[in-house]
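Spelled out, the chains give:
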Amino acid sequence: MKAIVFSEQGSTEVLQYTDVPKPTLDANEVLVKVEACAVNYLDLHARRNRPEIAEKFQRGETPHILGSDIAGTIAKIGNATRGVAVGDRVVLAPCIPCDVCRDCHSGAKNLCDTQELIGFQTNGGYAEYVKAPAQNAIQIPDALSFVNAAAMPIAYLTAWHMLMTRAQLRPEDDVLILGVGGGVGSAGLQIAKLCGARVFATASSDEKLARAREMGADVTINYKDIDFSEVVLDVTDGRGVDIVLEHVGAATWEQSIASLAKNGRLVSCGVTTGNIGTINIRKLYQKQLTVMGSALGTVAELRTLVQLAGQGKLEPIIDRVLPLHRAGEAHLLLENRQNFGKICLCPTL
Ligand SMILES: [Zn+2]
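Residues numbered from 1 in each chain as written. Predicted model: local features only at pLDDT ≥ 70, side-chain atom pairs only at ≥ 80, totals over all residues. Heavy atoms only, no water.

**A closer look at the packing of helix α5 (residues 153–166) against helix α6 (residues 183–195)**
Quick note on the threshold: Throughout, an axis means a line fitted to C-alpha atoms (over the contacting stretch in the case of helices), and angles, computed between N-to-C directions, take values from 0 to 180 degrees. A helix here means a DSSP run of H or I that spans at least four residues, while a strand means a run of E at least two residues long, and both kinds are numbered starting from the N terminus. In what follows, roughly perpendicular refers to angles from 65 to 115 degrees, roughly parallel to angles under 35, roughly antiparallel to angles over 145, and oblique to any angle outside these ranges. Rotating anticlockwise by less than a right angle from the far helix to the near helix defines a left-handed crossing, while the corresponding clockwise rotation defines a right-handed one. Every residue pair with non-hydrogen atoms within 4.5 Å of one another is taken to be in contact. Note on residue categories: nonpolar means Ala, Val, Leu, Ile, Met, Phe, Trp, Tyr, Cys or Pro, charged means Asp, Glu, Lys or Arg, and polar means any other residue, Gly included.
Axis separation between α5 and α6 bottoms out at 8 Å; the angle between their running directions is 50°. One element, α5, and the other, α6, form an angle in the oblique class. In this structure, the crossing between α5 and α6 has a hand that is right-handed. Taken together, the residues of α6 that come into contact with α5 (itself represented by A155, Y156, T158, A159, W160, M162, L163 and M164) are G183, V184, A187, G188, Q190, I191, A192 and C195. Along the lines of polarity and charge, the residues of the contact of α5 with α6 split into twelve nonpolar, four polar and no charged.

As structure tokens, then:
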């Protein structure tokens, strides 16, 4: 089969479009013919310098195939699979949990320490075929295209788990979404609007903010030359917002905390600008604030998201679809932040 592979880390030059053997299946696995695979920032980090990939290469496990957000058709099933059939249109839940640890047994499989991410610890969807445990294959409605389905798992699961499961978003809440131009940010905006909340959104360009307003953002703030917490407090008559969706980290932490209303919840899923932030403990208890973390999401949540997308209630933003062999170009577009929405690779183009 054709695939984009690499055997050493580096620039996009290391990515090679070549022939590799089709994956062979264990009894509990399915083979998926990839119709669309979305590109994530993690793919860029994996290609450049993530130590997990370097260690994989040191163990002699080469080449590596990227791609964690995958949709396609089941082409073959292992002997012991149940609930799946050849021809099913599916999206793959991106994580493979161990299923035997304390977290997995308690149902919090997203917290499993030894879970593997497809396309990171295992070979992924930058290929004509990929294999995965049958339990990762979630059927998608006919109304949902492969491209839109592939755009969902990581970004929408992350945003849904943050807002709905962790921060317990309610229609009467005011929500602040940081970096609304990104995958998690734009998914968060759609989910918060679907729930009926008022949404404040930040971005670094007026163009991205205009797109956010088209998608329903109520208040938009260009954070480049302003402290966004001042705008938030101004618009809310000093009250602040009930929820902040944080994924920026050190650079925005204090402004995010300062934007919170009494009983406000800050939920974080990322630290693009650094791991360490400070907090005024007196304000934390006086305002009864909650600071919480969030790690991807569950298969059940992905099923909900797929259903909502099939009904047209959520619609992933697709920047463009490129043929698989142009994966390097997709990485450069993402690296230079030239996209608004997901870039998908398609092996059949
Ligand atoms: Zn586990």
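Let's pick the thread back up.
**A word on the domain arrangement of the chain**
Put simply, the test is: A domain assignment, automatic or from a database, supplies the domain bounds used here. Buried area adds together the accessible area that both of two parts lose upon being put together, with accessible area traced by a 1.4 Å probe.
If you check the domain split of the chain, you get domain 1 (2–151 + 316–346) and domain 2 (155–293). Spacing between the C-alpha centres of domain 1 and domain 2 amounts to 29 Å. Each side of the interface is counted separately: domain 1 has ten residues, and domain 2 has ten residues. Counting each side, the surface lost to burial between domain 1 and domain 2 is near 810 Å², with a carbon and sulfur contribution of 61%.

**Topic: the coordination of the zinc ion**
So the rule is basically this: Atoms of type N, O and S within 2.8 Å of a metal are treated as its donors, and for Na, K and Ca the window is 3.2 Å; water is not considered, so some sites may appear to be missing partners. For four-coordinate sites, all angles between 85 and 135 degrees define a tetrahedron; for four- and six-coordinate sites, opposite donors beyond 155 degrees with the remaining angles between 65 and 115 define square planar and octahedral shapes respectively, and all other cases count as irregular. Any residue under 20% of the maximum accessible area for its type is buried, any over 50% is exposed, and the rest in between are partly exposed; the area is computed with a 1.4 Å probe on protein chains only.
Around the zinc ion, the donor atoms from the protein are C98 (SG), C101 (SG), C104 (SG) and C112 (SG), and they sit 2.3 Å away. Every donor counted, the four donor atoms about the zinc ion form angles of 105 to 116° at the centre, which fits tetrahedral coordination. One chain supplies every donor to the zinc ion, and in sequence these donors are spaced C-x2-C-x2-C-x7-C. The exposure class assigned to C101 is partly exposed, which follows from its relative accessible area of 21%.

**Some words on helix α2 (residues 51–58)**
Applied cut-off: The directions from the helix axis to the C-beta atoms form the arc being described.
I53, K56 and F57 are the residues of α2 that are buried. Projected down its long axis, α2 shows its buried positions confined to an angular sector of 95°, all on one face. For α2, the secondary structure elements touched by its buried residues are α1 (41–48). One or two residues past the end of α2 sits G60, with phi positive at roughly 85°.

**Side note on the state of the cysteines**
Selection criterion: A pair of cysteine sulfur atoms is labelled a disulfide when the two atoms are within 2.5 Å.
Taken as a whole, this structure holds zero disulfides when the rule is applied. The thiol sulfur of C195 is not disulfide-bonded, and the nearest other cysteine sulfur, from C269, lies at 18 Å.

**Overview of unusual backbone geometry**
Going from T62 to P63, the amide bond is cis rather than trans, its omega being -10°. The topology assignment puts P63 in the loop between α2 and β4 (69–77). In the Ramachandran plot, D237 falls in the positive-phi region, its phi being about 55° despite a non-glycine side chain. In this fold, D237 is placed in the loop between α8 (228–235) and β13 (241–246). Look at D237 and you get exposed, because its relative accessible area is 74%. Unlike most non-glycine residues, N263 shows phi in positive territory, near 65°. Relative to the elements of secondary structure, N263 occurs in strand β14 (residues 260–268). Overall, the relative accessible area of 44% leaves N263 in the partly exposed class.

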